[in-house]
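Okay, here's what each chain looks like letter by letter:
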Amino acid sequence: MKYKELGASGIEVSVIGLGCWAFGGGAYWGPQSQRDADAVVAAAIERGVNFIDTAEIYNDGESERSLGLALKGRRDKVVLASKISTAHAGEVRKYLEGSLARLGTDYLDLYILHWPINPTALAHFTGGQGAAGQPPQVAEVFAQFEALRKEGLIRSIGLSNFGVRQMEEVAATGVRADSNQLAYNIVSRAIETEIAPYCVAHQIGVTGSVGLQQGLLTGKYAKPEDVPPPQAHSRHFHQDRGGKDSRHYEDGAEKELFDALDCVKAISAETGLSCARISLAWILQKPFMTSTLVGCRNLAQLDANLGAADVALSDELMARIDAASLPVWQKLGDTPDYYENRGKSRIF
Ligand SMILES: NC(=O)c1ccc[n+]([C@@H]2O[C@H](COP(=O)([O-])OP(=O)(O)OC[C@H]3O[C@@H](n4cnc5c(N)ncnc54)[C@H](OP(=O)(O)O)[C@@H]3O)[C@@H](O)[C@H]2O)c1
C-alpha cells in the first residue's frame, strides 16, 4: 500500500480508502452483515488500508455504529473520517458528539461537511423540507469546525462536493480545509476541469468517492436494466431507471457508459486484470488524486479491489481509457453533481 499526505494536514492516508456507506444495511445498499463488516475492516487494516470513511447520514447512523463495532481495539490504527449532514451545519459540536458516540471514539481524524450550504443541498438533507429558520453562514460553520480542531476533537477539517467558488468562500473565512471528497472514476470525470487543478494549487487533497461507480465498473452489469435502481439514480442513467431516488429528469448517457465499460472489459481480457483493478488503478495514476474510497462489502470484494494498488497501467492503456470515457464526460458535461438536474447543481 502507498500513502500520501492529506492536503497539508501532516496526516498520511492510504491511496485506497475503505468506504463504509453500505455498513449497517439499509434501503440503498440492502442488508449488510456485521460479520462481513468486521472481517473487511480487520483485513483492510492488515493489508495497509488506514483511511476509513463514513457519514452520519449513511443508513441513519447505522454505518457509523457498525464501523465503531468493527474498529473495536483498532481505532488507533486508522485515519477515521465522518461527515456532518449539511442540514446540521449550524450545530457542529452537537452532531460531532453523536458521530463520536456511534463510532465509539473520542476524536475523529477528519470531520467533513458533506455538501456545501445551499438551498438544494439543505432540501435534500431534510427530505425536501429545507432548513428550519435561516441557513447557517459559511464563516460561522467553519469557525465551529476550527474550534473543535483546536480542542483536539477533530484533527483535520474536510470538505465534500465543493466547487471552486465554494472552496474560495471557505478559504475566505481563514479556516483551512485540507481535503475535498468528490465523485471521481472513469465515467465521472467532471472534477478534472477546474476543481482538481484548484485543489492541487491550494494543497487541498482530493479524495475520490464512488471509485467503481457503485459497482458498475467491476463489469458485473451487462446492461443498464441490470443495475439496481438506487445505484442507477445518477445522471449517467435515464431518469426512469433510478426509481424513487431519481431526481435529475435527464436522459443519461447509457450508451456511452456501456461503451466505456466495453473498453475496460477489453483491457481486462487482454491483461488478465479484473475490471475493478483496472478502474481503481486508473484513478490512482491520476496525479491530482490523494486517495480513492471504495466500498467493500465482504472479503472477496476487498481482495479484488486492494490489488489495484499494485497495478501499473501503461501510458497507452491510460490513454485508451481516457479516450473511451470522453463521450460520457461530454454527454454529462462539466457538472460534478451527478444526482441533481444540471440546472440545480449543488456544486459550483
Ligand atoms: N461524499 C459523498 O458525497 C460521497 C458519495 C458517495 C460515496 N461516498 C463515499 O465513497 C465510498 C465509496 O463509494 P460507494 O461505496 O458509493 O461506491 P463504489 O465504491 O463505487 O462501489 C461500492 C459497491 O460496489 C460493489 N462492489 C465493490 N467491489 C466490488 C467487486 N470487487 N466486485 C463486485 N462488486 C463490488 C459493492 O456493492 P454491491 O455488492 O451491493 O454491488 C459496493 O458496495 C462510500 O462508501 C462513501 O464512504 C461519498
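As shown above, the structure is provided for reference.
Residues numbered from 1 in each chain as written. Predicted model: local features only at pLDDT ≥ 70, side-chain atom pairs only at ≥ 80, totals over all residues.

Asker: For this particular structure, what's the right way to read the packing of helix 2 (residues 62–70) against helix 3 (residues 92–103)?
Answerer: Helices that pack against each other are described as a pair by the angle of their axes relative to one another and the distance between those axes. Running from N to C, helix 2 and helix 3 cross one another at 45°; their axes reach a closest spacing of 7 Å. With respect to helix 3, the element helix 2 is oriented oblique. Here Glu64, Arg65, Leu67 and Gly68 of helix 2 lie close against helix 3, whose contacting residues are Ser99, Arg102 and Leu103. In the contact of helix 2 with helix 3, the residues fall into two nonpolar, two polar and three charged. (Axes fitted to C-alpha atoms, helices over the stretch in contact; angles between N-to-C directions. Helix = DSSP H or I, 4+ residues; strand = E, 2+ residues; numbered from the N terminus. Parallel < 35°, antiparallel > 145°, perpendicular 65-115°, else oblique. Contact = placed C-beta atoms within 7 Å. Nonpolar A, V, L, I, M, F, W, Y, C, P; charged D, E, K, R; others polar.)

Asker: Mind showing me how you'd approach the pairing of strand 7 (residues 157–160) here?
Answerer: Two faces belong to every sheet, and in a regular strand the side chains alternate between them. Residues of strand 7 alternate between two faces, with Ile157 and Leu159 on one and Gly158 and Ser160 on the opposite face, all of them buried. Pairing geometry for strand 6 (residues 110–113) and strand 7, over three bridges, is parallel. Bridged to Leu113 within strand 7 is Leu159. Pairing of strand 7 with strand 8 (residues 179–183) involves three bridges; the strand directions are parallel. Looking at the pairing, Gly158 lines up with Ser179 of strand 8. (Buried ≥ 20, exposed ≤ 12 C-beta atoms within 10 Å, placed from the backbone. Pairing = 2+ DSSP bridges.)

Asker: Help me understand the nonpolar core in this model?
Answerer: Grouped burial of nonpolar side chains is what soluble globular proteins tend to show. Judged by nonpolar contacts, the single largest core of 98 residues is most densely connected at Ile52, Val79, Tyr111, Ala260, Val264 and Leu280. In this structure, Ala260 is in contact with Ile186, Val187, Ala324, Ser325 and Val328, ignoring residues within four places of it in sequence. (Core = buried A, V, L, I, M, F, W, Y, C linked by C-beta atoms within 7 Å.)

Asker: Could you clarify how one ought to interpret the sheet that holds strand 4 (residues 51–53) in this entry?
Answerer: Sheet strands pair by backbone hydrogen bonding; their relative direction is either parallel or antiparallel. A barrel is described by the order of its strands in space; here eight strands give the closed sequence 3-4-5-6-7-8-9-10, paired in parallel fashion. Between one strand axis and the next, the sheet turns through 30° on average, direction left out of account. With three bridges joining them, strand 9 (residues 205–209) and strand 10 (residues 289–295) adopt parallel strand pairing. The residue of strand 10 that forms the bridge with Gly208 is Thr292. Across the sheet, helix 9 (residues 275–284) touches strand 3 (16–19), strand 9 and strand 10, and the angle it forms with strand 10 is around 155°.

Asker: Help me understand the pairing of strand 6, please; the structure alone is not making it clear to me.
Answerer: Of the two faces of strand 6, the one lined by Leu110 and Ile112 and the one lined by Tyr111 and Leu113 are each fully buried. The pairing of strand 5 (residues 79–84) with strand 6 spans four bridges and is classified as parallel. Looking at the pairing, Ile84 lines up with Leu113 of strand 6.

Asker: How do you make sense of the environment of Gly24 when you look at a structure like this?
Answerer: Tracing the backbone through its elements, the reader meets Gly24 in the loop between strand 3 and helix 1 (34–46). The buried category is assigned to Gly24, around which 24 C-beta atoms lie within 10 Å. Distance from Gly24 to His236, taken between C-alpha atoms, is 27 Å for residues 212 residues apart in sequence. Every residue in contact with Gly24, bar those within four places of it in the chain, is listed here: Gln32, Asn59, Glu62, Ser63, Arg65 and Ser66.

Asker: What should I look at first to understand the site of the ligand in this one?
Answerer: Neighbouring the ligand are 27 residues, the closest being Gly19, Trp21, Ser209, Gly215 and Gly295. Considered class by class, the residues forming the shell around the ligand number 11 nonpolar, 13 polar and three charged. (Near = placed C-beta within 6 Å.)

Asker: Got a minute to help me understand the environment of Gly215 in this structure?
Answerer: Within the secondary structure, Gly215 sits in the loop between strand 9 and helix 8 (254–271). Since 18 C-beta atoms lie within 10 Å of it, Gly215 is described here as partly exposed. In sequence terms Gly215 and Ala276 are 61 residues apart; their C-alpha atoms lie 8.5 Å from each other. In contact with Gly215, not counting residues within four places along its chain, are Lys220 and Gln231.

Asker: How should helix 11 (residues 315–332) be read in this particular structure?
Answerer: End to end, helix 11 covers 25 Å across 18 residues, agreeing with the expected 26 Å (1.5 Å per residue, within 8%). When the local axis directions of helix 11 are compared, the greatest deviation, roughly 35°, occurs at Ser325, which is followed within four positions by the proline Pro327. Along helix 11, the residues that are buried comprise Leu317, Ile321, Ala324, Ser325, Val328, Trp329 and Leu332. Where helix 11 is buried, its residues touch helix 8 and helix 9. (Expected span 1.5 Å × (residues − 1). Bend = angle between axes of the 7 residues up to and from the residue.)

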